[in-house]
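Chains, contacts and geometry: an overview
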Amino acid sequence: MFEKCVFQVSPVLGMITGTLILIFVPVAKRGHAEQLKARSSWFRDMKALIRNRSYVFSSLATSTVSFATGALGMWIPLYLNRAQVVQKAVEPCNSGPCSTKDSLIFGVITCITGFLGVITGAGATKWCRLKTQRADPLVCAVGMLGSAIFICLVFVAAKSSIEAAYICIFAGETLLFSNWAITADMLMYVVIPTRRATAVALQSFTSHLLGDAGSPYLIGFISDLIQENTNKSPLWEFLSLGYALMLCPFVVVLGGMFFLATALYFLEDRAKAEQQEPCSDPFTVGSCSDSEEASIL
């Protein structure tokens, strides 16, 4: 029933979002970028993106976010249900239909934390930019490392208190989602406008390929592997899934390291993009000399 409601509500929300974009998002001035006499091929764009260290490291960090969100979204509701079975708060469900209470609560928490995370990340970055020009990747790194701590605490709290586990999930997801808007900003800073479409597409592809496309299956495989070598019982079903999910905070820490690496090259790559942007940004009006146009490519 819950899944049916989701599929009924999603198209409505999509139409509302699309309408708001049409009304409030200004239309870019088009045609200026296409006036460049020299055009770069897709191969040259890809080569330039791969050599852009800030873009590469931030894309790898985004993949770790997708990895964690995909795995947690798939397995945390079941993990919390198994925790309650171990605590004898609920009866084990060996045949459907099973209760969707934990899935519903986790889904609501994820929606709220997604909203709060974007606001928190944007606000923190705006404040930190007054202190350092490397605020964007540094805020992302702190958010990831803080998120890893709270995700680890989920597995500690779930053994005795489901409410405490939900509080840790709330804090961990808020910090994890705080880098969404910032990552998009960083891409715009370090990639010239004529390559941004390719950069967004490549980043989206790699984040899903290395992230949520395989993380739920990997966690399930590890959990099954542990269960095969232990006694079959509700306790070991709970523990095996928890041990497998412990991979997530380690991956999130790795993402924080990638954001710290991004901070090392962020100013240099942004400066390179800004030198070329006035000649290639379709939002600005201006003209370029032939030599300037060629330098963009």
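Cut-offs and rules
Residues numbered from 1 in each chain as written. Predicted model: local features only at pLDDT ≥ 70, side-chain atom pairs only at ≥ 80, totals over all residues. Heavy atoms only, no water. Core = buried A, V, L, I, M, F, W, Y, C linked by side-chain atoms within 4.5 Å. Buried < 20%, exposed > 50% of the residue type's maximum accessible area, 1.4 Å probe, protein only. Helix = DSSP H or I, 4+ residues; strand = E, 2+ residues; numbered from the N terminus. Contact = heavy atoms within 4.5 Å. UniProt positions renumbered as here; feature names shortened; annotations may be inferred. Salt bridge = Lys/Arg side-chain N within 4 Å of Asp/Glu carboxyl O. pLDDT = per-residue confidence, 0-100. Expected span 1.5 Å × (residues − 1). Arc of directions from axis to C-beta.

**Quick notes on the nonpolar core**
Membership of the largest hydrophobic core comes to 48 residues, with the highest contact counts inside it found for Ile76, Tyr79, Leu80, Ile169 and Leu245. Of all the elements in the fold, those that place two or more residues in this core are helix 3 (53–86), helix 4 (101–128), helix 5 (135–157), helix 6 (162–177), helix 7 (180–190), helix 10 (234–245) and helix 11 (247–280). At 11 residues, the largest contribution of residues to this core is made by helix 3. Excluding residues that lie within four positions of it along the chain, Leu80 makes contacts with Asp102, Ala158, Ile162, Ala165, Tyr166 and Ile169.

**Examining the UniProt feature "transmembrane region" (unreviewed entry) in the protein chain**
Here the UniProt-annotated "transmembrane region" (unreviewed entry) positions come out as residues 6–27, 54–76, 104–125, 137–158, 164–192, 199–223 and 243–267. Summarising residues 104–125: 100% helix, 0% strand, and an end-to-end C-alpha distance of 31 Å. Helix makes up 86% of residues 164–192 and strand makes up 0%, while its end C-alpha atoms are separated by 45 Å.

**Brief notes about the pattern of salt bridges**
Opposite charge on two side chains permits pairing when their charged atoms draw close. Considering all chains together, one arrives at 6 salt bridges under this definition. Between Glu268 and Arg53 there is a salt bridge, with the nearest N and O atoms lying 3.2 Å from each other. With Glu268 in helix 11 and Arg53 in helix 3, the pair connects residues that are 215 residues apart, well separated along the chain. With a relative accessible area of 38%, Glu268 lands in the partly exposed category. Assessed through its relative accessible area of 33%, Arg53 is described here as partly exposed. We note a salt bridge from Arg129 to Asp136, for which the minimum N-O separation is 2.7 Å.

**Observations regarding the confidence of the model for the protein chain**
Here the protein chain shows a mean pLDDT of 83. Residues at 70 or above account for 81%. By mean pLDDT, helix 12 (residues 290–296) is the weakest element of the protein chain at 40, and helix 5 is the strongest at 95. Taken together, the stretch residues 1–5 has pLDDT below 50 and engages in 2 contacts with residues farther than four places along the chain or on a different chain. Low pLDDT, under 50, characterises residues 280–297; the predicted model gives this stretch 38 contacts beyond four residues in sequence or across chains.

**What about helix 9 (residues 215–228)?**
Given 3.6 residues per helical turn, the α-helix brings residues three or four places apart onto the same face. Relative to the 20 Å expected for 14 residues at 1.5 Å per residue, helix 9 spans 20 Å between its end C-alpha atoms, a close match to the ideal helical length. Those residues of helix 9 that fall on the buried side of the exposure criterion are Ser215, Pro216, Ile219, Gly220, Ser223 and Gln227. Across the axial projection of helix 9, the buried residues extend over an arc of 135°, all falling on one side. Set apart from the buried face of helix 9 by more than 90 degrees, the exposed residues are Tyr217, Phe221 and Glu228.

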